[in-house]
Amino acid sequence: MTDGWDWRQPGGTPTPAGPPGSGATPAGSPGASDGPPGGPTSSPWWSDALADPWRDPYAPAAVVVPGPVGGADAEPEPVTDPDAPGRPALRQLLLIPLITALLAGTLGGALGYAFAVRGGVTGGTVLGASATDPPALAQRRPESLAGVAEKILPSVVTVRVASLGGTSEGSGFIVSAEGHVVTNDHVVAGGAGKATVVFNDGSTAAATVVGQDPESDIAVIKVSRTGLRPVEFGDSDALAVGDPVLAVGSPLSLANTVTAGIVSAVDRTMQAGEPGGPTRYYAAIQTDAAVNHGNSGGPLVDGAGRVVGVNSTIKSLVADGQEAGNIGLAFAIPINQAKRVTQDIIGTGKARRTVIGAQVGGTGAASGGAGGVRLAAVEPAGPAAGAGLRAGDVILRFNGRPMTDPTDLIALVRKFAPGSVVTVEYRRGSSRQNASVTLAADAK
């Protein structure tokens, strides 16, 4: 039953229903112009028709589910898995390079500060010029003086000898892997055959005296130690004036001291010795390398680090008995002579002495002022006699070296090994003659 009004429009104006047969269609009935949604003229009232409180429960109604917005051909909206890992947000992408930049800046600042402090930068002031490649002399190549010193130092030792008068100190150098050490005789004299050796690294070892030769001023001691580095020997006969040399030792108890100089002269004949001791004759190597007390027995090395001499004595301006110091006049025993004496001592316990078989005159000069050394006596069957020399002959040259003093002849004879053949130029009366003399060993 109807009262002619359609109550389905809340808040609206009642719409009269047409009388039966008038052709009017009640609102909400099938075929009305505001038919179900989805039709050509769907009404928005039908979108929530089921929730309409004024709807006639007996009137026909349609519930419409909205279709896709894009039409029938539109693709469905993609569904996102909530558990799948998502792409990083823009904030995270910006945060990573920011943190990296901060860390890099902090590290760069710390390194810059360290380099600045190490390089001497203070208060913004840069000290010194920019670094350049060092010169060749500063690179310590093996042939440089620093390279030579590095090579020889492990083989040089300090020798200490205790005696009744106190402790004497000198230098020495290792000549064999078995522990033989060469030094001066005057270093170990009075030590009762015992000594202490201090090595380059500061370690010490007891040493015993193998043998001594006071006239050549060479002594050999031995230590019981493994891993020793022997020196390399050079040729003292090949030295020339001006060759660079290094003196190594412990002057004034300053161990591992290296001084440099040149060969000032070769075959510098001289005699030396302590009061009451033996007289020593040298045909020495003269050098201006600084040598002082304590250098005695240490090596004199050439530019290749090879030992060419044994530092033994110095000249000084002070009076006898006073403390002497270096004035650039130092003398070393030629290594060819020292090596020969060392081999004799190791092999037999004593050294042979080279002689010519004659005695020289005490005046030191021939009569008439012509120079040379006069022979006061000639031993029968000795080397000089075998070469035809006689007493009274004047030796003018010995193996090409002019003779001006008896010391010259003695020192040069001692320099050569027994069996060496030397030339002698001499004067007999008014005539000059030459002779070849085969030197011999003394039968001491």
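Numbering of residues starts from 1 in each chain and follows the order in which that chain's sequence is written. Where local features are concerned, this predicted model is filtered to residues with pLDDT of at least 70; where side-chain atom pairs are given and counted, the filter is 80 or more; whole-chain, interface and lining totals use all residues. The side-chain quantities take in all heavy atoms of the structure and omit both hydrogens and water.

**Quick look at the overall build of the protein chain**
Heads up, the rule is: Working definition: helices are DSSP H or I runs of at least four residues, strands are E runs of at least two. Numbering for both runs from the N terminus. For the exposure calls, accessible area comes from a 1.4 Å probe over protein chains only, and a residue counts as buried if that area is under 20% of its type's maximum, exposed if over 50%, partly exposed in between. Contact between two residues is taken to exist if any of their heavy atoms lie within 4.5 Å; hydrogens are not considered. All accessible-area figures derive from a Shrake-Rupley calculation using a 1.4 Å probe, and residue coverage is judged against the displayed protein chains alone.
Helix and strand counts for the protein chain stand at six helices and 20 strands. Buried residues in the protein chain amount to 35% of all 444 residues. Counted over contacts in the protein chain with a minimum sequence separation of 6, partners at least 24 positions apart contribute 57%. For the protein chain, the exposed area adds up to about 25400 Å²; of that, 57% sits on carbon and sulfur atoms.

**Things to note about unusual backbone geometry**
Its identity as a non-glycine residue notwithstanding, A192 has a phi of 55 degrees, on the positive side. Examined against the element boundaries, A192 turns out to sit in the loop between α3 (185–188) and β4 (194–198). The backbone of L252 sits at a positive phi, close to 55 degrees, despite the residue not being glycine. With respect to the element layout, L252 can be found in the loop between β7 (244–249) and β8 (257–272).

**Description of helix α6 (residues 406–415)**
We apply this condition: A 3.5 Å cut-off defines polar contacts: any pair of N or O atoms within that distance qualifies, except that in protein one atom must be a possible hydrogen donor and the other a possible acceptor, and neighbouring residues in sequence count only when both atoms are side-chain atoms.
Among the ten residues that make up α6, nine are buried, leaving the element largely enclosed by the rest of the structure. Three or more residues of α6 are buried, namely P406, T407, D408, L409, A411, L412, V413, R414 and K415. The backbone nitrogen of T407 has a side-chain oxygen 2.9 Å away, supplied by the residue at the start of α6, namely D405.

**Some details on the sheet that holds strand β3 (residues 180–184)**
Rules: In this description, strands pair whenever DSSP reports at least two bridges between them. Angles run from 0 to 180 degrees between N-to-C directions of axes, and those axes are lines fitted to C-alpha atoms, restricted for helices to the stretch in contact.
Read once around its circumference, the closed barrel built from six strands follows the order β1-β2-β3-β6-β5-β4, with strand pairing classed as antiparallel. For this sheet, the mean inter-axis angle between neighbouring strands, taken without regard to orientation, is 40 degrees. Judged from the eight bridges that link them, strand β1 (residues 156–163) and strand β2 (residues 166–174) form a sheet pairing that is antiparallel. Counterpart to V161 in the pairing with β2 is S168. Packed onto the sheet, helix α4 (residues 335–348) meets β2, β3, β5 (204–213) and β6 (218–223) and runs at close to 55 degrees relative to β6.

**Overview of the confidence of the model for the protein chain**
Spelled out, the test is: Values of pLDDT, which run from 0 to 100, indicate the predictor's confidence residue by residue.
Looking at the protein chain, pLDDT values average 81 and 70% of them are 70 or higher. For the stretch residues 1–41, pLDDT sits under 50, and the model shows 48 contacts to residues farther than four places along the chain or on other chains.

**Examining the nonpolar core**
What counts, and what does not: Buried residues of nine kinds, namely Ala, Val, Leu, Ile, Met, Phe, Trp, Tyr and Cys, make up a nonpolar core once their side-chain atoms join them within 4.5 Å.
Within the largest apolar cluster, 25 residues are counted, with the highest numbers of intra-cluster contacts made by I152, F173, I218, V307 and V310. Of all the elements in the fold, those that place two or more residues in this core are α2 (145–152), β6, β7, β9 (280–287), β11 (307–314), β12 (330–334) and α4. With four residues, the single largest contributor to this core is α4. Core analysis: the second largest hydrophobic core is formed by 20 residues, Y281, L389, I395 and A435 among them.

**Considering the pairing of strand β18 (residues 421–428)**
Judged from the four bridges that link them, strand β16 (residues 394–398) and β18 form a sheet pairing that is antiparallel. Bridge pairing in β18 links V394 to R427. Taken together, the eight bridges between β18 and strand β19 (residues 431–438) define a ladder with antiparallel strand orientation. Along β19, the bridge assignment pairs Y426 with Q433. Connecting the antiparallel pair β18 and β19 is a turn made up of two residues, with G429 showing a positive phi of about 70 degrees.

**As for the pattern of salt bridges**
Worth spelling out the cut-off: Salt bridges are defined by distance alone: a side-chain nitrogen of Lys or Arg within 4 Å of a carboxyl oxygen of Asp or Glu.
Summed over all chains, the structure comprises 15 salt bridges. Here K151 makes a salt bridge to E232, at a shortest N to O gap of 3.1 Å. You can see K151 sitting in helix α2 and its partner E232 sitting in the loop between β6 and β7, a full 81 residues away along the chain. What makes K151 partly exposed here is its relative accessible area of 36%. Across the salt bridge formed by K415 and D237, the nearest N and O atoms sit 3.8 Å from each other. In this pair, K415 sits in helix α6 while D237 sits in the loop between β6 and β7, placing the two residues 178 residues apart along the sequence. One network of salt bridges, in which partners are shared, links E215, R353, R414 and D442.

**A few points about the packing of aromatic side chains**
Put simply, the test is: Between the rings of Phe, Tyr and Trp (Trp by its six-membered ring), a pair exists once the centres lie within 6.5 Å; its type follows the angle of the planes, with under 30 degrees stacked, over 60 edge-to-face, and the other angles tilted. Only lysine NZ and arginine CZ atoms are considered, and such an atom sits over a ring when it is within 6 Å of the ring centre and within 35 degrees of the ring normal.
All told, the structure shown has one aromatic pair when counted by the stated rule. A ring pair is formed by F398 and F416, whose centres lie 6.1 Å apart and whose planes are at 65 degrees; its orientation type is edge-to-face. Placement of the pair is F398 in strand β16 and F416 in the loop between α6 and β18, with a sequence separation of 18 residues. By relative accessible area, which is 1% here, F398 ends up buried. Directly above the aromatic system of F199 lies the positively charged group of R225, at a separation of 4.1 Å from the ring centroid. Its guanidinium or amino end placed over the ring of F416, K415 lies 5.9 Å from that ring's centre, counting from NZ or CZ.

**Here's the deal with the sheet that holds β7**
Taken together, the six strands give a closed barrel; going around it, the order is β7-β8-β9-β12-β11-β10, and neighbouring strands pair in antiparallel fashion. The average undirected angle you get between the axes of adjacent strands in this sheet is 50 degrees. As judged from the three bridges shared by strand β10 (residues 299–301) and β11, these two strands associate in the antiparallel manner. Across the sheet, L300 pairs through a bridge with G309, a residue of β11. Taken strand by strand, α4 contacts β11 and β12, and its axis lies near 50 degrees from that of β12.

**Considerations on a nonpolar patch on the surface**
As a reminder, the rule being used: Candidates for patches are residues over 30% relative accessible area with no salt bridge; among them, like charges are joined within 9 Å and nonpolar side chains (Val, Leu, Ile, Met, Phe, Trp, Tyr) within 5 Å.
A grouping of L95, L98, I99, L102 and L103 is seen on the molecular surface, where their side chains present a nonpolar patch of about 500 Å² in accessible area. Relative to the elements of secondary structure, L95 occurs in helix α1 (residues 90–118). Exposure remark for L95: the relative accessible area of 45% places this residue in the partly exposed category.

**Describing the side chain of T259**
Mapped onto the elements, T259 comes out in strand β8. A polar contact of 2.8 Å, which involves the side chain of T259, links it to the backbone oxygen of A290. Leave out the neighbours within four places in its chain, and T259 touches V245, L246, A247, A289 and A290.

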